[in-house]
Structures are given as C-alpha cells and as structure tokens.
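# Examination of the molecular architecture
Given next are the chains, with one letter for each unit.
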Amino acid sequence: MRIGRISKTKQGRFALFDEEGEFLFSVDDETLVKNRLTEGAALDAASLSALREQSDLCKAKDKALGCLSLRDYAGGELYEKLCRTFDEHTAAAAVAELCRMELIDDARFARRRAEYWAAQNKSAREIRRRLLEKGVARELADEALAGLEIDETAACRALIEKSYLRKLEIARRDLVLAALARRGFSYVAAKAALDAVQ
C-alpha cells in the first residue's frame, strides 16, 4: 500500500490517506519526520501498525506532559488518567518514558503530598490512604509518612476549632469523636484534643 496524500490537520497533526483517498490515521510531526513519511511512500501492514503505535505514544506523552504542567502526578495516577484515552500498553509506555526522563518521581510526589495534607491537619492514616489511592506504592507511602512528624492531637484540636465547635456547644461530643474517627484519627488523639478544647 502507498500513502496517497498527507495533509496537516487543524490540531497540527498530519492525516495520512491511502491511494484511493481513504483516511488511515493521523501522526504527529515527530513520527512523520522520524519515519521519513512522504506521499507515495510504500508501507506494509506491519509498518502501518508500528507508525500508529509510535504516533499514539507521542500523543500520550504530550497529554501526560500537559497534565504534569498543571500539577505533580504519581506514576499510577497518571497511568490511570492516560488509560481513559489510550490503550494500557501506550499509557504504560508513556509513563515509563516520563519516569526515565525523571519527570515523574513517586517518592518525591508522595513526600510533597504528605507534607501538604499534614499541613491541612489530615491524620497519618488518611494521608496514607490518599497516597495509595493516587497509585503510590505502600513502601513509598510509608517512607513519606516516616519523614513527617504529625501531632495528631494538635491536628484534631485544629479541626475541632475549625469545624466542630457548634456540635460541642449542643453537647454532641459523641458526633465529634465519630467524625474524627472517620478522618482516620485514633480515639486517644481525638479524646485528648476534645479534653483540651472543653
């Protein structure tokens, strides 16, 4: 099969058409240049499949870079996001490439997010749960938490003063304890914080 026509799309990609004018797929400029694609070039089925994979990988990396330009991501979290648009193999390859380029670092991500959530008075248990949800490995989540000094009693007290004083005014200490338990705080820390506030 030969490429009959190549035309630039509005998105800046290059649409490939066969000799009969049927649209095949579009490729990015890197794939076009790297493979020296020109009108009239002969391609077999394996070459077409390889081109599509290369182009999809470039597209996935571009999407991943766009995500990373907005905020930091854990590798697993970014992989899940890319899987919404790309197949698993392409998403995994894009994440692996960005890890190789050191643009994704799960240990750094876990450390930063743990510090951020600790500053928001989250419990160690809640921080660990959130890190695992973001796709961070258990050992990296544990390392990030080990590097923090979280005073759970002080965090509970700050939350009580911010959100639960009204319940204490109407003598609903039990509801405050339950709310703090749902946030991952131990009974001991929650009780000590309540005793300090009242």
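The text that follows walks through the structure, step by step, so that each part is easy to find. Small disclaimer: the values here were computed from a predicted structure and weren't measured. (Residues numbered from 1 in each chain as written. Predicted model: local features only at pLDDT ≥ 70, side-chain atom pairs only at ≥ 80, totals over all residues. Heavy atoms only, no water.)

As a further point, take the pattern of salt bridges. All chains considered together, the criterion is met by 14 salt bridges. One salt bridge in this structure joins Arg112 and Asp72, with 3.6 Å as the shortest N-O distance. Of the two residues, Arg112 sits in helix H5 (residues 106-119) while Asp72 sits in the loop between helix H2 (45-70) and helix H3 (75-83), which places them 40 residues apart along the sequence. On the accessibility criterion, Arg112 (48% relative accessible area) is partly exposed. A salt bridge links Arg100 to Glu97, with the nearest nitrogen and oxygen atoms 2.5 Å apart. With a gap of three residues between them, Arg100 and Glu97 both fall in helix H4 (residues 88-100), about one helical turn apart. A relative accessible area of 22% places Glu97 in the partly exposed class. (Salt bridge = Lys/Arg side-chain N within 4 Å of Asp/Glu carboxyl O. Helix = DSSP H or I, 4+ residues; strand = E, 2+ residues; numbered from the N terminus. Buried < 20%, exposed > 50% of the residue type's maximum accessible area, 1.4 Å probe, protein only.)

As a further point, take H4. For H4, with 13 residues, the first-to-last C-alpha span of 18 Å sits near the 18 Å given by 1.5 Å per residue. Here H4 has its buried residues at Thr90, Ala91, Ala94, Val95 and Leu98. Each buried residue of H4 sits inside an arc of 130° when the element is viewed along its axis, so together they form one side. In H4, the exposed positions angled more than 90 degrees off the buried face are occupied by Glu88, His89 and Arg100. In the core, the buried residues of H4 are packed alongside H2 and H3. Of the residues that open H4, the one with a side-chain oxygen 3.0 Å from the backbone nitrogen of His89 is Asp87. Looking one or two residues beyond H4, the residue adopting positive phi is Glu102, at roughly 65°. (Expected span 1.5 Å × (residues − 1). Arc of directions from axis to C-beta. Contact = heavy atoms within 4.5 Å. Polar contact = N/O pair within 3.5 Å; in protein donor to acceptor, adjacent residues only side chain to side chain.)

What follows concerns helix H9 (residues 173-182). By the burial criterion, the buried members of H9 are Val176, Leu177, Ala179 and Leu180. Along the axis of H9, the buried residues cluster in a sector spanning 160°; they form a single face. Looking at the buried side of H9, the elements it contacts are helix H8 (152-169) and helix H10 (187-197). Looking one or two places after H9, you find Gly184, whose phi comes out positive at around 95°.

Before going further, it helps to examine a nonpolar patch on the surface. Where nonpolar side chains cluster on the molecular surface, the patch consists of Leu65, Met101 and Leu103 and spans about 230 Å² of accessible area. Within the element layout of this structure, Met101 appears in the loop between H4 and H5. (Patch = residues over 30% accessible without salt bridge, like charges linked within 9 Å, V, L, I, M, F, W, Y side chains within 5 Å. Areas by Shrake-Rupley, 256 points an atom, 1.4 Å probe, with all protein chains shown as cover.)

Turning our eyes to something else, we now look at the environment of Ala45. Along the chain, Ala45 turns up in helix H2. Put simply, Ala45 and Ala171 are 126 residues apart on the chain and 74 Å apart in space, counted from C-alpha to C-alpha.

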